[in-house]
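In case you want the letters, here they are:
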Amino acid sequence: MDVPPPPDEESEISESEIDDYSENPYLKLQTGHYKVKKVNGTLRCPFCSGKKKQDYKYKELMAHASGVSKGSVSRSAKQKANHLALANYLETELAGGGHAEPLPRRPQLKETEAKPGEVYVWPWMGIVMNPLKETDDDKEVILDSGYWLKRLSRFKPVDVNVFLVQKDCVVAVVAEFNSEWSGFASATELEKEFEREGCSKKEWVEKRGDSESKAYGWCARAEDYNSEGPIGEYLSKEGKLRTVSDISQEKAEDRNSVLEELSSMIAMTNEDLNKVQYSYNETAMLLKRVKDQKKNLDEAYAEETKKMHQMSIRSIQKILEDKERLSNELEAKMLRLKNWSKELEKKETLTELERQKLDEEKKKNDAMNISLKLASHEQEKADQNVLRLVEEHKRQKDEAMGKILELKTQLDTRQTLEMEIQELKGKLQVMKHLGDVGTEVVDEEDEKLKKLKGEWGEEVHDAVKTALEEMDEYNPSGRYSTPELWNFEAGRKATLKEVISFISNDMKPVKRKRT
């Protein structure tokens with residue numbers, strides 16, 4: 001059964017106790033209490049079971065363990081100790097089990113080629129001695145480094161330097177090879193070829209006084225480095241004395257240093273990726289909330305629009321019904337008066353007294369007709385007022401709908417900008433290891449601001465400066481404009497309660513004014 005490690009507690013151990021504490025999880029790894037191998041052949045970190053990445057190759061897991069144990073500042077001392085034990089376990093227990101990939105090794109040297117304790121000049125160098133004859137006509141050619149680069153090209157030297165030694169009777173050539181093991185192989189190959197031709201350093205020393213024009217060559221060693229003359233000076237200036245063992249150890253140390261550095265970088269990168277993933281999850285949740293809010297706003301907007309439309313229809317219907325009722329009543333009164341006037345005209349045979357009463361009634365009737373006509377005229381004016389009220393109501397309704405759409409657009413724009421800010425914050429977290437940024441103050445001496453002040457005056461200059469400062473305050477990561485709902489009477493941002501109150505007041509139906 002794979003037992004998960006206990007939860008980390010920073011107070012349990014200190015940084016100085018990491019090496020000692022790592023022995024305990026190392027023993028548990030050996031006994032199988034913590035498991036590293038998985039059924040499918042991949043490896044896992046038993047101390048990071050909650051992380052997203054679970055499957056590792058050997059090199060990846062080694063890099064993760066080394067990085068956390070040495071380079072992670074966000075991990076506790078106990079976590080570092082656990083991962084140090086894991087790194088030691090991978091190196092000692094699993095390196096030979098088919099999981100580790102072999103590291104590049106230097107070429108195997110034969111005993112006849114070099115002894116581990118023999119001292120060479122490094123970077124690897126070869127020496128060629130070429131005596132000159134008095135009858136040689138091509139001395140200038142032999143003294144040319146290009147000639148020797150071409151002649152020794154099969155050994156692949158990276159540079160060649162030519163000297164005149166022994167009273168200008170011998171051309172001494174120092175061929176420099178690269179500092180890797182391939183360079184050593186080239187230098188020893190040069191030495192072996194001259195040995196096969198009987199032109200080694202030993203033959204050069206024995207035949208130094210001969211007049212035979214013959215080139216001798218060998219690999220540069222301590223004796224050449226410490227010699228007097230141009231060759232010794234050049235070798236001591238350009239190279240160092242190293243044994244094969246020393247160079248092997250230095251190469252191994254350099255390789256291990258690079259591996260540790262890369263392991264640390266990989267571990268830090270993995271941590272940054274985890275932070276980015278967390279930021280992505282947060283942003284996704286925020287996006288879902290924004291979508292839900294937008295859906296609720298859309299539904300509320302549709303419902304409110306429907307209510308306003310129904311209220312408008314009911315109001316217009318009531319106005320039209322009142323108009324029709326009043327018109328019918330007026331027509332009925334005028335008809336009754338007309339009939340009464342006809343009846344009065346038929347009573348011509350009545351007495352004088354009745355005639356006087358009739359005159360009085362006619363006067364009353366005329367006065368009533370005049371009143372009815374005035375009432376009809378007033379009704380027509382009232383009808384015109386009703387039509388104007390209907391048009392005014394429609395205009396105010398359209399204005400209210402436009403304001404609602406404008407506020408909805410501003411809200412959508414603001415939510416979009418908030419999402420972009422969240423995304424930028426996630427990216428900034430990935431970049432934090434590059435150093436903190438110090439996001440900025442408006443420079444009063446800026447040439448553009450000075451030019452703006454000179455051309456347009458103090459008021460325009462102050463307005464631009466205030467806008468820049470507000471953009472730095474609200475959007476320090478990008479300095480772009482952000483829409484805000486503003487209370488102009490109070491000179492500040494509007495609260496949510498004020499916005500809702502403003503919209504509700506604007507959407508109230510216009511009441512009919514009584515004349």
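Residues numbered from 1 in each chain as written. Predicted model: local features only at pLDDT ≥ 70, side-chain atom pairs only at ≥ 80, totals over all residues. Heavy atoms only, no water.

Trainee: I tried to follow the pairing of strand β3 (residues 159–165) on my own but got confused; where do I start?
Mentor: Consecutive residues of a regular strand have side chains that alternate between opposite faces of the sheet. In terms of strand pairing, β3 meets strand β4 (residues 170–176) through seven bridges, oriented antiparallel. Counterpart to F163 in the pairing with β4 is A172. From the end of β3 to the start of β4, which pair antiparallel, there are four residues, and Q166 there has a positive phi angle of about 55°. (Pairing = 2+ DSSP bridges. Helix = DSSP H or I, 4+ residues; strand = E, 2+ residues; numbered from the N terminus.)

Trainee: Just to check I follow, could you spell out helix α2 (residues 23–31) for this structure?
Mentor: Residues separated by three or four positions in an α-helix point in the same direction, a consequence of the helix having 3.6 residues per turn. Listing the buried residues of α2 in full gives P25, Y26 and L29. The arc that holds the buried residues of α2, viewed along the axis, is 105°, so those residues lie on one side. Of the exposed residues in α2, the ones pointing more than 90 degrees away from its buried face are E23, L27 and T31. Where α2 is buried, its residues contact α1 (18–21) and α4 (77–94). (Buried < 20%, exposed > 50% of the residue type's maximum accessible area, 1.4 Å probe, protein only. Arc of directions from axis to C-beta. Contact = heavy atoms within 4.5 Å.)

Trainee: Looking at this structure, I do not really get the pattern of salt bridges. What am I missing?
Mentor: If charged atoms from side chains of opposite charge come close, those side chains can pair. Within the structure shown, the criterion is met by twelve salt bridges. Here E191 ties to R221 by a salt bridge, and the two come within 2.6 Å at their closest N and O atoms. Taken together, the residues E191 in helix α7 (residues 181–196) and R221 in the loop between β5 (216–219) and α9 (222–225) connect sequence positions 30 residues apart. Neither residue differs from the other here; E191 and R221 are each classed as buried. Of the charged contacts, one joins K453 and E458 as a salt bridge, the two residues approaching to 3.2 Å between their closest N and O atoms. One network of salt bridges, in which partners are shared, links E118, E191 and R221. (Salt bridge = Lys/Arg side-chain N within 4 Å of Asp/Glu carboxyl O.)

Trainee: Would you take a moment to explain helix α10 (residues 230–238) for this structure?
Mentor: When α10 is considered as a whole, its buried residues turn out to be I231, G232, Y234 and L235. Each buried residue of α10 sits inside an arc of 165° when the element is viewed along its axis, so together they form one side. Away from the buried face of α10 by more than 90 degrees, exposed residues E233 and K237 are located.

Trainee: Just to check I follow, could you spell out a nonpolar patch on the surface for this structure?
Mentor: Taken together, V258, L262 and M265 make up a surface patch of nonpolar side chains, about 270 Å² in accessible area. Here V258 shows up in helix α11 (residues 244–345). (Patch = residues over 30% accessible without salt bridge, like charges linked within 9 Å, V, L, I, M, F, W, Y side chains within 5 Å. Areas by Shrake-Rupley, 256 points an atom, 1.4 Å probe, with all protein chains shown as cover.)

Trainee: Which parts of the structure should I look at to understand the pairing of strand β2 (residues 125–131)?
Mentor: With seven of seven residues buried, β2 is to be regarded as a mostly interior element. The alternating pattern of β2 places M125, I127, M129 and P131 on one face and G126, V128 and N130 on the opposite face, and all of these are buried. Judged from the seven bridges that link them, β2 and β4 form a sheet pairing that is antiparallel. Directly across from M129, in β4, lies its bridge partner A172. The pairing of β2 with β5 spans four bridges and is antiparallel.

Trainee: Got a minute to help me understand the sheet that holds β2 in this structure?
Mentor: Each strand in a sheet pairs with its neighbour through backbone hydrogen bonds, running either in the same direction (parallel) or in the opposite one (antiparallel). An order of β3-β4-β2-β5 is seen for the four strands of this open sheet, with the pairing classed as antiparallel. With one partner strand each, in any of the chains shown, β3 and β5 form the two edges of the open sheet. Sheet twist, expressed as the mean angle between neighbouring strand axes with direction ignored, is 20°. Relative to the sheet, α7 contacts β2 and β5, its axis offset from that of β5 by approximately 145°. (Axes fitted to C-alpha atoms, helices over the stretch in contact; angles between N-to-C directions.)

Trainee: I tried to follow the side chain of H461 on my own but got confused; where do I start?
Mentor: Position of H461 among the secondary structure elements: in helix α14 (residues 458–474). Since its relative accessible area comes to 5%, H461 is described here as buried. Within the local environment of H461, its side chain forms a polar contact with the side chain of D462, the two groups lying 3.2 Å apart. Once residues within four sequence positions are removed from consideration, H461 is found in contact with E444, L449, L452 and K453. (Polar contact = N/O pair within 3.5 Å; in protein donor to acceptor, adjacent residues only side chain to side chain.)

Trainee: How should a negative patch on the surface be read in this particular structure?
Mentor: Together, E17, D19, D20 and E23 give the surface a local cluster of negative charge. Structurally, the position occupied by E23 is in helix α2. Its relative accessible area of 52% is what places E23 among the exposed residues. (Lys, Arg positive; Asp, Glu negative; His and termini not counted. Charge placed at Lys NZ, Arg CZ, Asp CG, Glu CD.)

Trainee: Explain the nonpolar core to me, please; I cannot follow it from the model alone.
Mentor: The nonpolar side chains of soluble globular proteins are, as a tendency, buried together. Judged by nonpolar contacts, the single largest core of 41 residues is most densely connected at W124, M129, W148 and L235. Sorting elements by how many residues they give to this core places β4 first, with six residues. Formed by 19 residues, the second largest nonpolar core is a distinct cluster that contains Y26, C45, M62 and L94. (Core = buried A, V, L, I, M, F, W, Y, C linked by side-chain atoms within 4.5 Å.)

Trainee: Is there a simple way to think about the side chain of S186 in this case?
Mentor: With respect to the helices and strands, S186 occurs in helix α7. For S186, a relative accessible area of 16% puts it in the buried group. Among all residues touching S186, those that are not within four sequence positions of it are F155 and F177.

Trainee: Could you clarify how one ought to interpret the packing of α2 against α4 in this entry?
Mentor: How two helices sit against one another is set out by the angle between their axes and by the gap between those axes. Closest axis-to-axis distance for the α2/α4 pair is 8 Å, and the angle between their directions is 45°. With respect to α4, the element α2 is oriented oblique. Of the two elements, α2 crosses α4, and the hand of that crossing is right-handed. Contacts between α2 and α4 pair P25, Y26, L29 and Q30 from the former with A81, N82, A85, L86, N88, Y89, T92 and E93 from the latter. The residue makeup of the contact of α2 with α4, split by class, is seven nonpolar, four polar and one charged. (Parallel < 35°, antiparallel > 145°, perpendicular 65-115°, else oblique. Left-handed = near helix turned anticlockwise from the far one by under 90°. Nonpolar A, V, L, I, M, F, W, Y, C, P; charged D, E, K, R; others polar.)

Trainee: I'm lost on the packing of aromatic side chains in this one. Help?
Mentor: In total, this model carries ten aromatic pairs according to the counting rule given. Aromatic pair W204 and Y216: ring centres 5.4 Å apart, planes at 50°, arrangement tilted. Of the two residues, W204 is situated in helix α8 (residues 201–206) and Y216 in strand β5; the sequence distance between them amounts to twelve residues. Residue W204 is classed as buried on the basis of its relative accessible area, which comes to 3%. On the basis of relative accessible area, Y216 is assigned to the buried category, the value being 2%. An aromatic cluster is defined as three or more aromatic residues linked by ring pairs; in this entry it consists of Y120, W124, W181 and F184. (Phe/Tyr/Trp six-rings, centres within 6.5 Å; stacked < 30°, edge-to-face > 60°.)

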